[in-house]
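# Fold and contact review
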Amino acid sequence: MSAASRGLISGLRFLSVGPRTSTISASYQFRGFGSESLIDEEPRIIVPRPSVMSPNSKRTGAIAVKCGMSALWDKWGARVPITVLWLDDNIVSQVKTFEKEGFYALQIGCGQKKDKHLTKPEVGHFRAQGVPLKRKLREFPVTEDALLPVGAEIGVRHFVPGQYVDVTGITRGKGFQGGMKRWGFKGMPASHGASLSHRSIGSTGQRDAPGKVFKGKKMPGRMGGAQRTVKNVWVYKIDPARNLMWVRGQVPGAEGNFVFIKDAHYKKPDPSLLPFPTYFPTEEEDPTALEPIVADLGDEDPFMVAD
């Protein structure tokens with residue numbers, strides 16, 4: 001084929017494709033996904049006021065600092081292993097709406113941090129929202145009726161003693177570990193027939209068929225340092241004066257690590273008992289004079305119940 005014929009064919013292809021491309025671009029502009037359409041819209045005004053929570057409503061979560069573990073004895077004398085969590089100055093740092101981001105969510109900030117310890121984009125984000133500099137940020141998806149304005153405080157009274165929560169955190173890193181510690185393998189014989197392979201995992205495959213080790217085989221490797229969620233953690237007590245929460249059992253992470261708390265997904269609390277969208281203190285209320293609130297344990301002694 002000559003050069004002239006190749007040029008003629010390429011020209012015909014360009015003419016046939018040209019109108020189709022212009023039609024696509026015109027339809028894209030007609031949909032109005034550009035930044036101009038977002039700027040022209042009026043910002044949503046969120047009024048912080050109590051409302052009624054529906055069964056389909058989803059509240060925001062909170063960020064806490066793990067203070068450590070201890071044990072308490074309830075009024076019946078039962079020992080309760082507990083973990084102490086501190087909700088350090090949680091506020092709403094950003095509101096995401098369906099009109100702008102395509103979904104509803106609240107960004108929560110926890111703690112305090114100096115501007116010299118933050119990057120310039122992070123400092124610009126906080127200044128654009130008009131909130132103090134925060135040490136930790138976390139986004140929680142919510143429903144439209146659970147939105148809160150920027151700067152709204154999330155205290156420990158956001159949760160109610162007796163309800164169940166899901167706690168997410170980063171587990172303790174344990175480094176490279178063997179199969180016995182990492183997966184609980186039994187190991188090899190400890191006496192006869194085993195030479196320097198007492199803690200070995202043993203065989204990892206078969207013979208000529210399939211002739212490989214399957215993916216996901218439990219083997220030695222790095223242990224811990226991963227995000228995990230402990231579900232259905234029972235809230236035993238809260239202290240509004242110090243923003244402390246006592247939960248039963250363990251939660252992921254070491255002391256001083258951040259954990260993220262939200263309403264339990266499986267053991268859902270009663271919507272009529274939860275403050276919605278969060279707890280709003282009254283003008284006469286003095287937070288420093290509030291007493292700790294303990295979960296209701298009932299009026300029947302569990303140790304005196306007959307079998």
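My aim in this report is to walk through the structure given alongside it, one point at a time. (Residues numbered from 1 in each chain as written. Predicted model: local features only at pLDDT ≥ 70, side-chain atom pairs only at ≥ 80, totals over all residues. Heavy atoms only, no water.)

### Quick word on the overall build of the protein
Under the convention used in this document: Secondary structure is summarised from DSSP: a helix means a run of H or I of at least four residues, a strand means a run of E of at least two, and numbering begins at the N terminus for each. A 1.4 Å probe rolled over the protein chains alone gives each residue an accessible area, and that area as a share of the maximum for its type sets the label: buried under 20%, exposed over 50%, partly exposed in between. Contacts are residue-level and defined by heavy atoms, with any inter-residue pair within 4.5 Å sufficient.
Along the backbone of the protein there are four helices and 13 strands. Scored against the burial criterion, the 307 residues of the protein give a buried share of 31%. In the protein, once contacts between residues fewer than 6 apart in sequence are set aside, the share between residues at least 24 apart is 73%.

### Describing the layout of surface pockets
Here is the rule we go by: Both cavities and pockets are sets of points on a 1 Å grid over the protein atoms alone; in a cavity a 1.4 Å probe fits but cannot get out, in a pocket the set is open with protein on both sides within 12 Å along at least five of seven lines, and lining residues sit with an atom within 4 Å of a point. Grid points are joined across faces, edges and corners, and a volume is the space filled by probe spheres set on the points. Each residue is assigned to one of three groups, with Ala, Val, Leu, Ile, Met, Phe, Trp, Tyr, Cys and Pro labelled nonpolar, Asp, Glu, Lys and Arg labelled charged, and all others, Gly among them, labelled polar.
Put simply, the largest pocket is a space of about 530 Å³. As for the largest pocket, its lining consists of 26 residues, and the residues nearest its centre are K58, D263, A264, H265 and K268. Mapped onto the lining of the largest pocket, the elements with two or more residues apiece are β5 (136-141), β7 (164-170), β10 (227-239) and β12 (258-263). The greatest single-element share of the lining of the largest pocket, amounting to four residues, is contributed by β5. Among the residues forming the lining of the largest pocket, the class breakdown is nine nonpolar, eight polar and nine charged.

### Some thoughts on the nonpolar core
Rules: Nonpolar core, defined: a set of buried Ala, Val, Leu, Ile, Met, Phe, Trp, Tyr and Cys residues in which side-chain atoms within 4.5 Å join the residues together.
If you look at the biggest cluster of nonpolar residues, it comprises 37 residues, and the most contacted ones within it are L85, L106, M245 and I261. Within the residue set of this core, elements represented by two or more residues are β1 (62-73), β3 (90-96), β4 (105-110), β7, β10, β11 (244-248) and β12. Look past the residues within four positions of M245 in its chain and what remains in contact with it is T83, V84, L85, L87, V156, F159, V235, K237, I238 and I261. Listed in part, the eight residues of the second largest apolar core include Y236, L244, W246 and A295.

None of this, on its own, says anything about what the molecule does.
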